[in-house]
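# Observations on the model geometry
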Protein chains: 4
Amino acid sequence: MNNNPFTEFESNVRSYCRVFPTQFTSASGLYLYDTEGNKYLDFLAGAGTLNYGHNHPIMKSALVEYLVDDGILHSLDLYTTAKMEFINAFQSLVLKPLNFNYKLQFVGPTGANSVESALKLARKITGRNRIVAFTGAFHGMSLGALSVSAKEEFDGLLPGMEVTRYPYEGFTTGVELELLEQLIEEPSGIAKPAAFIVETTQCEGGLNVASNQWLQKLSSIARKHDILLIIDDIQVGCGRTGSFFSFTRAGIESDIICLSKSLSGIGLPMALMLLKPEIDQWSPGEHNGTFRGNNLAFVTARVALEEYWKDVYFSNHVKETGKFLGEKLLELKQQFPTIIEDVRGIGLVQGLRFFDKSMASLVSKKAFESKIIIETCGAYDEVLKFLPPLIISKDILTEAISTIQGILSQVDKTLVTS
Amino acid sequence: MNNNPFTEFESNVRSYCRVFPTQFTSASGLYLYDTEGNKYLDFLAGAGTLNYGHNHPIMKSALVEYLVDDGILHSLDLYTTAKMEFINAFQSLVLKPLNFNYKLQFVGPTGANSVESALKLARKITGRNRIVAFTGAFHGMSLGALSVSAKEEFDGLLPGMEVTRYPYEGFTTGVELELLEQLIEEPSGIAKPAAFIVETTQCEGGLNVASNQWLQKLSSIARKHDILLIIDDIQVGCGRTGSFFSFTRAGIESDIICLSKSLSGIGLPMALMLLKPEIDQWSPGEHNGTFRGNNLAFVTARVALEEYWKDVYFSNHVKETGKFLGEKLLELKQQFPTIIEDVRGIGLVQGLRFFDKSMASLVSKKAFESKIIIETCGAYDEVLKFLPPLIISKDILTEAISTIQGILSQVDKTLVTS
Amino acid sequence: MNNNPFTEFESNVRSYCRVFPTQFTSASGLYLYDTEGNKYLDFLAGAGTLNYGHNHPIMKSALVEYLVDDGILHSLDLYTTAKMEFINAFQSLVLKPLNFNYKLQFVGPTGANSVESALKLARKITGRNRIVAFTGAFHGMSLGALSVSAKEEFDGLLPGMEVTRYPYEGFTTGVELELLEQLIEEPSGIAKPAAFIVETTQCEGGLNVASNQWLQKLSSIARKHDILLIIDDIQVGCGRTGSFFSFTRAGIESDIICLSKSLSGIGLPMALMLLKPEIDQWSPGEHNGTFRGNNLAFVTARVALEEYWKDVYFSNHVKETGKFLGEKLLELKQQFPTIIEDVRGIGLVQGLRFFDKSMASLVSKKAFESKIIIETCGAYDEVLKFLPPLIISKDILTEAISTIQGILSQVDKTLVTS
Amino acid sequence: MNNNPFTEFESNVRSYCRVFPTQFTSASGLYLYDTEGNKYLDFLAGAGTLNYGHNHPIMKSALVEYLVDDGILHSLDLYTTAKMEFINAFQSLVLKPLNFNYKLQFVGPTGANSVESALKLARKITGRNRIVAFTGAFHGMSLGALSVSAKEEFDGLLPGMEVTRYPYEGFTTGVELELLEQLIEEPSGIAKPAAFIVETTQCEGGLNVASNQWLQKLSSIARKHDILLIIDDIQVGCGRTGSFFSFTRAGIESDIICLSKSLSGIGLPMALMLLKPEIDQWSPGEHNGTFRGNNLAFVTARVALEEYWKDVYFSNHVKETGKFLGEKLLELKQQFPTIIEDVRGIGLVQGLRFFDKSMASLVSKKAFESKIIIETCGAYDEVLKFLPPLIISKDILTEAISTIQGILSQVDKTLVTS
């Protein structure tokens, strides 16, 4: 792919295309196809956007039908039929079964915009500026979202953003929350935070899973001190961990929930902020955006809910397949105890952390040669991240892991002989 | 529209739907249709997103065909055929004819994200934090973009954002730039800015048009002092003022250009940041986003360029129709000299400012009753903003203005008799 | 002065001692004496701290008497007799004659601390963060005071500090205030400031004198918009311009006045913040400091008022001598039109700005060789600053200027022949 | 004290005078005298400024002699004989015996100014903005120093100031440092700090003593990560804990040391910043101040060193008397177990924390009636703070504690009968 329009005219900021350097043209279900006729198993899944696979036929025909009927495409925040039908489906199929009471805010169609809106609202509601985020966090690339993400940056970002430790290995779990609470309760020179913003499982951060107990403690500190809890469910919501929301496993609720990625079902840009009715104190237009009415996405988002969330069938499938994936990865760890340090993650987002920090990228590269697209994550890209579409079967999973196993065997041999 | 899913479940932040309270279902060309069978002439045009009208038939069939062929929808920043074709079209139809040399950065699909990316890059390139924006500016609602927008907010936003005066009435034009330059040149206690961010015509700010001379002066200060110029062409780019970029009228270039809104042609979310090759110093992935590869938008964006920007026909149409609109509005001003204070704007974004600040909203309301959707702008919503799709004909424009004329006559009568 | 305790053990931050490199031991009236028996005419005057000269005999004997009587030296903010007597003298000799109604806040004994206190109070009273300062300003070196001073620094200082242009040459005087007011009145994206902080004449900034008209305009903007006016009279107060306060020439008042330097009369550390009773809304102890009760300074400060401010005699002396100084400097300018660009300043703080920016330092160096201590100021140290004790006579002034004249003649000759 | 010049003309910010409402005139050794002839035992000691008592006769006669000889009083940072003699004494009597290698920076004569200078230097040296301070900290009232102090303030202060927990009760000691180090070592989204600023014993914070082990750990984190350590020894330095510097008990050194309060010996304003030669990278004049050359203070400061720090006699006296004070306070605790919660502090700054948060103020009030001046400290003023001049004898200490005992007995009786 040298001297093509991409390398010549597209900004150097491009990244995935450097790791998976081929030109894709079409896609279906679990697979991507490139211009040279190759077929790739997609374990990247749009970084969590394609939970139901590519070009789901029912969503696709709903799109075509909507287009043919001259359905309105772009509506700002005008009332449209497509939006109404989505709202109704979301209420009846997602919120009502959980006895959840949330209002829906249609934000600009990116996860980051949902986070930006959450930060603004938390500050407005509480009259406080400080937001506490966690090490390893990733909430987006706009300057507000970036200010609560774990980057080694500092100057020039939003004042008042602070980071405490996320409960992954290496620290007595829970002590960081105890310290956080003390700093709030005592006269500490630190203003009370407006909100905590947290992912229940950090994906970009390296597949770190917060325990139910830790999440309950965080939630209880928030409630006790009148601090808003913002859960960023952009990557692990929409069923990725087996339930629609990732935090229900801990029996907690959240004042604000950020959703995006797989929300539209077929990969179209869409984002949502759920907020408790009592904090819906926005003035009209106080947060807006040109593309917050992307009606094509409303259509497929509704179809996705109707197809997959009417009963527990799909949820159970994800849980079982996730359990199966975990077992398979553990087997790999047992087979390659000198290479694999850890199996990490939850549901259908799990991964392997290697002792050698460069190993994950190497395996990803070799997997691509074997026509599997699988990315890495973690602060040092040290984790190989299995993020298949949720519709995957155990058989295909087995096959893919067998390919990875082959790659690891090769690597192992090289290591032994070297 | 009482007690419906919208009022019950959608956040209070919704706004346009309060001004135009009906439920829309379909759209075509210049018109929107609601569930009760009403047909509305659309002078809102997706706040500048629908320059080519709703559901343009050629774009629409390109979409349907792409869907039927299982074209890839969501691709992060992987190489795809749809993206390549868009890049080629943009280079050959937009940049090459102007002898412009820019690289394309596909950002998250909102104008605000393009602005956020521009702010980050300007800081990175220059190693400076300060960005100078202008009174009346609107660049978006995420916290970075908001920090350079004219809102009466302050605390908690990005440090280093400053605002000086935009050249609308009431101040000796140019003196503010003279002062700005002096503060840069003298030992002033103000660090040199990283960038200026400016709209050549402010739409949200009330249809304020910067003169060519003013833009040249700003550009020359930027060049002289090694400050980046960022032009936010999100609303007035893509042909709105008669040329593809709004700033070419002043004979200047810009280091960074933000595009979005009508870029995709049919209203699908898409945004772009153009940057001079010499400042393309991003590390891979330094600014990313889940939906920066919205291929449906790439498809229609390419079609829009091929349909409308292959020759000067469309450009001339916009210029002529814009001139005609200006003349018509001046006639209204002459007819209602006690009501209309000013005709403002450029090309096909022009408007009427009223002496009575509440008048614009009143006229908008009555226009809606007459099935014309037209919004207001300005810090006090004091300007009625004519923003039709660019494909509009003089005849329909004449008809619409005649309706507005009728409304103003009614109002005038009321004023006289009261 | 090589390899002595100073160069070996004192921080590199020391500065005046590099320009006037000798070791001083004693001082009296207008003169300093060094260890080698040299006598220097002191036109530095403690950077404005020694308006009444060194070791004024009456103040000195008051000190000795107080010490012998075991007068309390250090009192925090306890009530002491020395403080009471100072308060009474300040009220009756300074404030009452002007019909001024101010309360006295004894701050930490540095001018900067007075400024810090003013910034804090302005923010507290108004609930706003933004403070507007001016180019060329110098208010002190602590981080708050530095944030409103004209240094080319930026990041990491106090948020909300902004700088607009001070009315020295090169800009249509008054336009910057017009622009400032517009940015306040219009919806500009800039929060209303809490306060303006200004010097009526900038000394460090290069002897820039604000006109009465400009000060009146600034004061009227402040009053109209409910913004506090803070006048930093640290260097030009205490009689330097001919009246006790420097701003009375413009017929204005100030909400807050910062005093220090010559306040104690004999050079002892002391600072004061005067504040209108209606804004004296501090909680007890909200601004404090260990040395705010430096009773030796209270004693001499009272004596200074009693000796010099009981009638207009001293004030008239300063005015006349200042006028005389100005005339003498103008004569120099006429004599050396190719060397001297400008005579600047007011009262007994006036100076010469040279065309050649390095000239002032050269003249200062040569003056030191001739046993006159005179410093430079301005952003580029381009101004030679005559700042004699106010008690100086015309005769000695004439003599000193004659020495400077000799130096300039030498320089002139060198220039001509080179 | 109603309707006097103080209540009429002094700002409401005054505080100690409200607690000890009488007018003082003279002072000697351990005692203050008021205008009504009352004699008070001074356990406030100028908040730590009068370690050698009031009006020490040898310092006083040195002052008088210096004045009579027309010694230079105010010298900015010119070389003076008084300063040279102080530098020599400080080097030979304080630094050399400890094998310490520091340069002396004479800052504006307040502790806060020393802290401001330290913060600026730390940022300059490291190129980083973030400073980590601790809960309960007090470093001064100027805006920089305030930004690292434990106040429930937030907005508008210096960006980048952060607070972690000081090791007083209620938290597993040391864990907070472990967490701090992890946040530095891991990719955490937190920039590496420029410096830690810490008091080895917090006085205003409630007499919290950091253990040697904790101080060593902090010092080792600083060294390991190239972070500067700033020790604020303003209140507990100059012998208060038994050694000249408070931190030598932990066997550590500090990159920067802030000194003030008792430095001048007799209560005159003076402050010093000690800095390691390798970080003395100031430009000349980069931090300055009008009163950094307060020569009267240099004279007494030198005398104080010569009188008290030539041998270990005084140091041993403080240690023994401190031990005795601690034992006496423990006896009180044993006698009043339902009133006194805790004996806190170190050396000759120790105190009683009461179960009832209002008790300390009550006891202070009653002590004043018995002619003992003793203040309270802690976030809730819950600690009675014994801070006598260091020259106190065991006899007088015994007498004073006996008075306090009497007050507590009274209180106890009231409690029992109520």
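Residues numbered from 1 in each chain as written. Chains lettered and ligands numbered in written order. Predicted model: local features only at pLDDT ≥ 70, side-chain atom pairs only at ≥ 80, totals over all residues. Heavy atoms only, no water.

## A closer look at the packing of aromatic side chains
All names here are of chain B.
- Scanning the model with the defined rule gives 92 aromatic pairs over all chains in all.
- The interplanar angle of 75° and the centroid separation of 5.9 Å between the aromatic rings of Phe90 and Phe244 together place this pair among those described as edge-to-face. On the criterion of sequence distance, the pair formed by Phe90 in helix H5 (residues 81-95) and Phe244 in the loop between strand S11 (228-232) and strand S12 (256-259) is long-range, its members being 154 residues apart. Comparing Phe90 with Phe244, the two get one shared label, buried.
- The interplanar angle of 55° and the centroid separation of 4.6 Å between the aromatic rings of Tyr308 and Phe314 together place this pair among those described as tilted.
- Phe314 gets classed as buried once you look at its relative accessible area, which sits at 5%. (Phe/Tyr/Trp six-rings, centres within 6.5 Å; stacked < 30°, edge-to-face > 60°. Helix = DSSP H or I, 4+ residues; strand = E, 2+ residues; numbered from the N terminus. Buried < 20%, exposed > 50% of the residue type's maximum accessible area, 1.4 Å probe, protein only.)

## Digging into the interface of chain A and chain B
- Facing 99 residues of chain A, the contacting portion of chain B comprises 99 residues.
- Across the interface of chain A and chain B, roughly 8,700 Å² is buried in total on both sides, 64% from carbon and sulfur atoms.
- Here chain A and chain B share 4 salt bridges between them.
- Here Asp70(A) and Lys60(B) are joined by a salt bridge, their closest N and O atoms 2.7 Å apart.
- In terms of residue class, the side of chain A that touches chain B is built from 46 nonpolar, 35 polar and 18 charged.
- Note: strand S1 (residues 23-28) of chain A against strand S4 (residues 79-80) of chain B, 2 bridges, orientation parallel. Bridge pairing in S4(B) links Gln23(A) to Tyr79(B). (Contact = heavy atoms within 4.5 Å. Buried area = accessible area lost by both parts, 1.4 Å probe. Salt bridge = Lys/Arg side-chain N within 4 Å of Asp/Glu carboxyl O. Nonpolar A, V, L, I, M, F, W, Y, C, P; charged D, E, K, R; others polar. Pairing = 2+ DSSP bridges.)

## Comments concerning the packing of helix H5 (residues 81-95) of chain C against helix H10 (residues 295-308) of chain C
Residues and elements named next belong to chain C.
- Two elements in contact, H5 and H10, have axes separated by 8 Å at closest approach and are oriented at 30°. The orientation of H5 with respect to H10, classified from their angle, is roughly parallel. You can see that H5 and H10 cross each other, and the crossing is left-handed. For the pair H5 and H10, the contacting residues are Ala82, Lys83, Glu85, Phe86, Ala89, Phe90, Leu93 and Val94 in the first and Asn295, Phe298, Val299, Ala301, Arg302, Leu305 and Glu306 in the second.
- Looking at side-chain class alone, the contact of H5 with H10 contains 10 nonpolar, 1 polar and 4 charged residues. (Axes fitted to C-alpha atoms, helices over the stretch in contact; angles between N-to-C directions. Parallel < 35°, antiparallel > 145°, perpendicular 65-115°, else oblique. Left-handed = near helix turned anticlockwise from the far one by under 90°.)

## Topic: the relation of the copies chain B and chain C
- Of the transformation superimposing chain B on chain C, the axial component is 0.0 Å and the angular component is 180°, with the fit at an RMSD of 0.0 Å. This pairing of chains is accounted for by a two-fold axis. Every residue of chain B has its C-alpha some distance from the rotation axis, and the shortest such distance is that of Pro159(B), at 3.2 Å.
- The residues that chain B uses at the interface reappear at the interface of chain C in 100% of cases, marking a shared surface. (Least-squares fit on C-alpha atoms with pLDDT ≥ 70 in both.)

## Section: the sheet that holds S4(B)
- The 5 strands are arranged S16(A)-S3(A)-S2(A)-S1(A)-S4(B) in an open sheet whose pairing can be described as mixed. Strands at the two margins of the open sheet, each flanked by one partner only, are strand S16 (372-373) of chain A together with S4 of chain B.
- The sheet contact formed by S1(A) and strand S2 (residues 31-34) of chain A spans 4 bridges and is antiparallel. Residue Ala27(A) lies in a different strand from S2(A), and its bridge partner there is Leu32(A).

## Examining the relation of the copies chain A and chain B
- With an RMSD of 0.0 Å, chain A superimposes on chain B once it is rotated by 180° and translated 0.0 Å along the axis.
- An overlap of 100% is found between the interface residues of chain A and their copies at the interface of chain B, pointing to a shared contact surface.

## Digging into the interface of chain B and chain C
- Contact with chain B, which involves 33 residues of that partner, is made by 34 residues of chain C.
- Roughly 2,800 Å² is buried in total at the junction of chain B and chain C, and carbon and sulfur atoms are behind 57% of that figure.
- Between Arg165(C) and Glu186(B) there is a salt bridge, with the nearest N and O atoms lying 2.5 Å from each other.
- At the boundary of chain B with chain C, the tally comes to 4 residue pairs in polar contact (both at pLDDT 80 or more).
- Listed by contribution, the elements that provide at least two residues to the side of chain B that touches chain C are strand S7 (161-164) and helix H8 (175-185) of chain B.
- Considering every element that reaches the side of chain B that touches chain C, the biggest residue donor is H8(B), with 6 residues. (Polar contact = N/O pair within 3.5 Å; in protein donor to acceptor, adjacent residues only side chain to side chain.)

## Some details on the state of the cysteines
- A complete count under the given rule lists 0 disulfides over all chains for this structure.
- There is no disulfide at Cys238(B), and the cysteine sulfur nearest it, in Cys258(B), is 12 Å away. (Disulfide = S-S within 2.5 Å.)

## Remarks on the side chain of Lys103(C)
- Inspection of the secondary structure assignment puts Lys103(C) in strand S5 (residues 103-106).
- Here Asp280(C) takes part through its side chain, which lies 2.9 Å from a polar atom of the side chain of Lys103(C).
- Among the polar contacts listed, one links the side chain of Lys103(C) to the side chain of Asn12(D), at a separation of 3.5 Å.
- Those residues in contact with Lys103(C), other than ones at most four positions away along the chain, are Met273(C), Leu274(C), Leu275(C), Pro277(C), Asp280(C), Thr7(D), Glu8(D), Phe9(D), Glu10(D), Ser11(D) and Asn12(D).

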